[in-house]
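Observations on chain architecture
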Amino acid sequence: MRELTYVARRTVEWREAPDPKLQSDGQAIVAPVAATSCDVDSSILAGHGFIDPPFALGHECVARVVETGDAVTTVAPGDLVVVPWSINCGTCERCRAGLTAHCAAVPYMAMYGAPIGGTWGGLFSDLVRVPYADAMLVPLPAGLDPVAMASASDNWSLAWRLVAPHLKARPGARVLVVARGSIGLYVCDIARALGASEVLYVDPNPEHRTLARAFGAATAETLDPIPQGYDIAVEATGRVDQLALAVKSLTPEGMCESAGNHFRPGELPLLDMYLNGVTLRIARDNVRAHIPDALALAASGKVAPENVVSRVIDWENLPTALPEKHLKPVFVRADD
C-alpha cells in the first residue's frame, strides 16, 4: 500500500509500506474514503512542527471497514466509520473516565499522523490498522456525507466540545472566537445553533470572515481587548498574543478554551486573569468521547459543516495539493 509521507517543508510524497495486518481479534483494517488536513497539519507543512520528518501524515478521516477481527462487535466490513485521531483502548481507567487522549494502555500521546507514542501511520494512507476497533471506531450515521464529516476525527468534534458544554451551562452566552482556520468556523456554526446570543469571529482572512458571517457571527479583522465582553472565548491560532486578547475580553469567571498548538513561547496577563477569575483550558481533545454528540448535532440539520470544506480533491492528487494553502480541503478516493 501507499502512505502519504511528510519529507520536508511543504513537501509530501507517496511511499510504499507493507499492507497492515490484523494483530489481534479486536482489531480492524479500514480504508479512508474522505480525509482532510487538520489545522496543525498546516503548521507541520509550513515547517513549524517539533518532529523531524519523514513520517506518515493525516489524522482526520471517514473510512470504510475492510476487515475485522473475530471479537469486533460494533462495526463490520463495509461500514463507514469515523476514525479518531488518538489511539485508545476504551477499557483502562483513563479511557473509562473519557480521557481517551491519555490512554494508559498505549505509549503516551499515541496518535495517527505523527510518530509520537509509537508509529501508528497516518490517515492519508490507502489502508490503516485500528488496534481497538470497538473502542475507537464510530459508525457514520446514515444520511451524513463523508466529505462533510471528514473532520469528525478531530476538528469538528473538538469544536463541539469547545462550546457545547459551556453553552449548556450558560444558555445564551456571548462567544468570542479568535481563530485562523476551520476550528473557529466550526465553533461559530455550533455556537449559533446551540443558542449563543452573540458570536464575534476575529480573523485577518476575509474569506474566513465571509464564512463566519454566513454562520450568523459578527466579524472583525483584528480586535483590541473588550473587557468583560464575552462569557466564553475560544482561541485557535497557536499565537500567545491572540490567546492573551481572548482572556482579556472575558466577563468575570469567564471560560477560555485554547485549541491552538502553541509551538512558540509567549506571555499571558496572569494578574488580569487572576483578578477577573478566568478559567483557561489548553488541551488536546479527548475526541472519542465527543464524536457521537458531534455527529448527532451534524445529523440534526441545525449546522452546516459542509460549508467549511474549501475544495474536494481526488485522492491521487494528495502529494501536489496538500502542501497548497487551503482552508479545509477534503481528499476523496473512489469507494471500492
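Below or above, wherever it landed, is the structure these notes cover. (Residues numbered from 1 in each chain as written. Predicted model: local features only at pLDDT ≥ 70, side-chain atom pairs only at ≥ 80, totals over all residues. Heavy atoms only, no water.)

Considering the pattern of salt bridges
Side chains that carry opposite charge are capable of pairing whenever their charged atoms lie near each other. To keep things clear, this is the line we draw: Salt bridges are defined as contacts in which a side-chain nitrogen from Lys or Arg sits within 4 Å of a carboxyl oxygen from Asp or Glu. Secondary structure elements follow DSSP: runs of H or I no shorter than four residues count as helices, runs of E no shorter than two count as strands, and numbering proceeds from the N terminus. When a residue's accessible area, from a 1.4 Å probe over protein chains only, is under 20% of the maximum for its type it is buried; when over 50% it is exposed; and in between it is partly exposed.
Under the counting rule described, the total for this entry stands at nine salt bridges. Of the charged contacts in the structure, one is a salt bridge between Asp-126 and Arg-2, with a shortest N-O distance of 3.0 Å. Of this pair, Asp-126 sits in the loop between helix 2 (93-96) and strand 7 (128-130) while Arg-2 sits in strand 1 (residues 2-8), and the two are 124 residues apart along the sequence. For Asp-126, a relative accessible area of 13% puts it in the buried group. A relative accessible area of 18% places Arg-2 in the buried class. Note that Arg-2 and Glu-316 form a salt bridge whose closest N and O atoms lie 2.8 Å from each other. Note that Arg-2 is positioned in strand 1 and Glu-316 in the loop between strand 15 (311-314) and helix 10 (318-321), a separation of 314 residues in sequence.

Description of the sheet that holds strand 10 (residues 198-202)
Convention followed: Strand pairing is assigned whenever DSSP detects at least two bridges linking the two strands. Interaxial angle, 0 to 180 degrees, is taken between N-to-C directions of lines fitted to C-alpha atoms, where a helix line uses only the stretch in contact. The contact criterion used is simple: two residues touch if any of their non-hydrogen atoms lie within 4.5 Å.
Here six strands make up an open sheet; going across it, the order is 11-10-9-12-13-14 and the pairing parallel. Of all the strands in the sheet, the pair left with one neighbour each is strand 11 (218-220) and strand 14 (279-282). Taken over all neighbouring pairs, the strand axes of this sheet differ in orientation by 15° on average, direction set aside. Sheet analysis places strand 10 next to strand 11, joined by three bridges and oriented parallel. The partner of Leu-200 across the bridge, within strand 11, is Ala-218. On top of the sheet, helix 6 (residues 206-214) reaches strand 10 and strand 11; it is set at about 165° to strand 11, its chief contact. Against the sheet, helix 7 (residues 240-248) makes contact with strand 9 (174-179), strand 12 (230-236), strand 13 (250-258) and strand 14, and its axis sits at roughly 150° relative to strand 13, the strand it touches most.

Points about the nonpolar core
Quick note on the threshold: Among buried residues, those of type Ala, Val, Leu, Ile, Met, Phe, Trp, Tyr and Cys that are joined through side-chain atoms within 4.5 Å constitute a nonpolar core.
Counting 53 residues, the largest nonpolar core has Met-149, Trp-156, Val-175 and Leu-295 as the members making the most contacts within it. Elements with a minimum of two residues in this core: helix 4 (155-169), strand 9, helix 5 (182-193), strand 10, strand 12 and helix 9 (291-299). With residues near it in sequence (within four places) discarded, Val-175 still touches Val-163, Leu-167, Ala-191, Ala-196, Glu-198, Val-199, Leu-200, Tyr-230 and Ile-232. Of all hydrophobic cores here, the second largest spans 39 residues; its members include Val-83, Cys-103, Ala-110 and Leu-123.

Some points on the sheet that holds strand 1
With antiparallel pairing, three strands are arranged side by side in an open sheet as 2-1-4. Both edges of this open sheet fall to strand 2 (11-16) and strand 4 (55-56), since each of them pairs with a single strand only. Taken together, the two bridges between strand 1 and strand 4 define a ladder with antiparallel strand orientation. Bridge pairing in strand 4 places Tyr-6 opposite Phe-55.

Overview of helix 6
Residues lying three or four places apart along an α-helix face the same way, a consequence of the helix completing one turn every 3.6 residues. The condition is simple: Each direction from the helix axis to a C-beta atom contributes to the arc, which is the arc of those directions.
Buried residues of helix 6: His-208, Arg-209 and Ala-212, and no others. End-on, the buried residues of helix 6 take up no more than an arc of 100°, which puts them together on one face. Helix 6 presents Glu-207 and Ala-214 as exposed residues on the side facing more than 90 degrees away from its buried surface. In the core, the buried residues of helix 6 are packed alongside helix 5, strand 10 and strand 11.

Description of the side chain of Ser-153
Tracing the backbone through its elements, the reader meets Ser-153 in the loop between strand 8 (138-139) and helix 4. In contact with Ser-153, other than residues within four places in its own chain, are His-59, Glu-60, Cys-61, Val-82, Val-83, Pro-84, Trp-85 and Val-287.

Examining helix 4
Note the threshold: Any helix carries an expected span of 1.5 Å times its number of residues minus one.
With 15 residues, helix 4 extends 22 Å between its outermost C-alpha atoms, agreeing within 8% with the 21 Å of an ideal straight helix rising 1.5 Å per residue. Counting buried residues in helix 4 gives twelve out of 15 residues, a clear majority hidden from the surface. Those residues of helix 4 that fall on the buried side of the exposure criterion are Asn-155, Trp-156, Ser-157, Leu-158, Ala-159, Trp-160, Arg-161, Leu-162, Val-163, Ala-164, His-166 and Leu-167.

Focus: the layout of surface pockets
Our working rule: Lining residues are defined by having an atom within 4 Å of a point belonging to a cavity or pocket. Those points lie on a 1 Å grid over the protein atoms alone, cavities being sets where a 1.4 Å probe fits but cannot get out and pockets being open sets with protein on both sides within 12 Å along at least five of seven lines. Grid points are joined across faces, edges and corners, and a volume is the space filled by probe spheres set on the points.
In this structure, the largest pocket encloses a volume near 1100 Å³. In terms of lining, the largest pocket is formed by 42 residues, of which the most central are Asp-39, Ser-42, Ser-43, Arg-180 and Arg-239. Counting only elements with at least two residues in the lining of the largest pocket, the list comes to helix 1 (39-45), helix 5 and helix 6. Examining the composition of the lining of the largest pocket, we find that five residues originate from one element, helix 1, more than from any other. Volume-wise, the second largest pocket comes out at about 540 Å³. Forming the boundary of the second largest pocket are 28 residues, of which Val-40, Met-111, Asn-261, Phe-263 and Arg-284 lie nearest the centre. Within the residue set of the lining of the second largest pocket, elements represented by two or more residues are helix 1 and helix 4.

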